[in-house]
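# Tertiary structure, described
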Amino acid sequence: MYRLNVKKFGFALGLTGALIYLGCMIVMATAGQEGTIIFFNSLLHGLDTSNIIRMDVPLLEAFFGIVQTFILGWLIGACIAAFYNAQIKRG
């Protein structure tokens, strides 16, 4: 069986998470509050996000958010790859 590269898989998942975060930032910057609420309500199967959407996110907070998302994604991806590799029969 094929073994996954733990670092590369972690990086790929971290980068994917950061891109999703960046996409969220773009939606918020271009759609305005009402458009953002409509977008996330439809994305989350009708869950009402109007009370939790905060449009005045400081730039530094957004930067730390994207960095944290990347780090968590990397760690989760590395764990998935390591657990997958551990299950492969050797021999």
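Residues numbered from 1 in each chain as written. Predicted model: local features only at pLDDT ≥ 70, side-chain atom pairs only at ≥ 80, totals over all residues. Heavy atoms only, no water.

### Structural notes on the UniProt feature "transmembrane region" (unreviewed entry) in the chain
- Sequence positions flagged by UniProt for "transmembrane region" (unreviewed entry) are, in local numbering, residues 12-31 and 62-84.
- Taken end to end, residues 12-31 is 100% helix and 0% strand, and its two terminal C-alpha atoms sit 28 Å from one another.
- As annotated, residues 62-84 comprises 100% helix and 0% strand, and the C-alpha atoms at either end are separated by 32 Å. (UniProt positions renumbered as here; feature names shortened; annotations may be inferred. Helix = DSSP H or I, 4+ residues; strand = E, 2+ residues; numbered from the N terminus.)

### Examining helix 1 (residues 6-43)
- Between the first and last C-alpha of helix 1 there are merely 31 Å, a value that for 38 residues lags more than 12% behind the 56 Å anticipated at 1.5 Å per step.
- Along helix 1, the residues classified as buried are Gly 10, Gly 14, Gly 17, Ala 18, Val 27, Thr 36, Ile 37, Phe 40 and Asn 41.
- As for helix 1, its buried residues are in contact with helix 2 (59-87). (Expected span 1.5 Å × (residues − 1). Buried < 20%, exposed > 50% of the residue type's maximum accessible area, 1.4 Å probe, protein only. Contact = heavy atoms within 4.5 Å.)

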